[in-house]
Amino acid sequence: MAEKKDHSGNLLWRLLATLFAGANVCTVCLLWVCVLSTYLSPAKVPYLHLMGLAFPFFLVANVLFFVMWLIFKARYACIPLVGVLSVWGYVMDYCPISGDSDVADDAVCILSYNVGGMKAEKLPSLDSLVREVRPDIVCLQECPGSSAATNMLQSWQDSLGYAMCKDKSRVTLSRFPFVGKPPVIEFPSKEGGNGTLFSWVLIGADTVLLANNHLESNRLTEEDKSEYDQMIYEHQKEQIRQSGRMISRKLGNAAVYRGQQTDSLVSCIKRHDGCSMIFCGDFNDTPISYTFQSLRRRLESAYTEKGDGLSFSYNRKLFYVRIDHLFFTPDWECQKCYVDNTVDTSDHYPLVTYLHRKQK
């Protein structure tokens, strides 16, 4: 009788192990689908883009499987281990681990910040940030055109020695002189405020193409976010289904525009091959996306090189993602990059980066 029980127990354990192994293989495959989505333009497959948002969940699932297998059946631990190691570069894009390094005295400090159309009462916080960090280059997105904002920008020019160029909602300020005629690209966009403000900046003896970007926003309203809250915390199947479809549709439509905008930026990078470039701003996409990876395959990512941990740059309730980035050509090295989450004057946090020119 005891032998029969042991046999039944072993059979049950083998069945459970097989089921869990199958589930683990599925999470590995889904992790690979997330990575695959970064190679395909959202214009062709808009909803596959949403898989990139699920990357951290599948990554965590594989880590948990790895721990479970080590405890109960160590030889199966190779399943999640191979899965994670095969996408390790993407893991480091999403959550890099880097130690502290010294910042050279002649490093160029760049502050990129989506100020979210700041109200007048919040402008003093931005003014304090700039005067404290004293960046060499400031790239602002969604900058208000109010008289108060205009006065603040003028005061920076007068007291901090910035030159300035701007368009509808983007402002670039630089201690280095602007030179030449910058390129212009027309973005397909549903919202008029999206685009890229280019400028040529003379840094030392070298001319650098600087791009201040704001790609297509997802345009989720407060009502949409409220529905998302309810979708997370309430378990009404029909409401979850309707809200999920609505949010997916908005995210998918915005991703299509961003994919086209990204292709325009990539074309610009190719046309200026051999030039020194710095591209920064609000790209409205996470590191596991067609936008980020298309640029990452051609330029270096500052946060990947010198960031530490997740550090979300978009900070509104239940929407915690890093969608503000800085990319640069290999003639630069990143010595420091961080998201300053102490500055809560917008729905974004500022990204601060220190770049140093490599020795020729």
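Everything below is about the structure printed above this text.
The notes below deal with the structure included here.

Thresholds, definitions, all that
Residues numbered from 1 in each chain as written. Predicted model: local features only at pLDDT ≥ 70, side-chain atom pairs only at ≥ 80, totals over all residues. Heavy atoms only, no water. Buried < 20%, exposed > 50% of the residue type's maximum accessible area, 1.4 Å probe, protein only. Helix = DSSP H or I, 4+ residues; strand = E, 2+ residues; numbered from the N terminus. Pairing = 2+ DSSP bridges. Right-handed = clockwise from strand over helix to strand, strands pointing away. Axes fitted to C-alpha atoms, helices over the stretch in contact; angles between N-to-C directions. Left-handed = near helix turned anticlockwise from the far one by under 90°. Contact = heavy atoms within 4.5 Å. Nonpolar A, V, L, I, M, F, W, Y, C, P; charged D, E, K, R; others polar.

1. Quick notes on the pairing of strand β1 (residues 108-114)
A large share of β1 lies buried, amounting to 7 of its 7 residues. Of the two faces of β1, the one carrying Val108, Ile110, Ser112 and Asn114 and the one carrying Cys109, Leu111 and Tyr113 are both buried. Two strands pair when backbone bridges link them, and β1 and strand β14 (residues 351-357) are joined in this way by 5 bridges, in the antiparallel orientation. Paired with Leu111 across the two strands is Val352, which belongs to β14. As paired elements, β1 and strand β2 (residues 137-141) share 5 bridges and run parallel to each other. Following the sheet pairing, Asn114 is matched in β2 by Gln141. On the question of chirality, the crossover connecting β1 to the parallel β2 by way of helix α5 (residues 123-133) is right-handed.

2. What about the packing of helix α2 (residues 55-72) against helix α3 (residues 78-85)?
With their axes 8 Å apart at the nearest point, α2 and α3 run at an angle of 145 degrees to one another. Of the two possible hands of crossing, α2 and α3 adopt the one that is left-handed. Across from Leu59, Asn62, Phe65, Phe66 and Trp69 in α2, the residues of α3 making contact are Pro80, Leu81 and Val84. Grouping the constituent residues of the contact of α2 with α3 by class yields 7 nonpolar, 1 polar and no charged.

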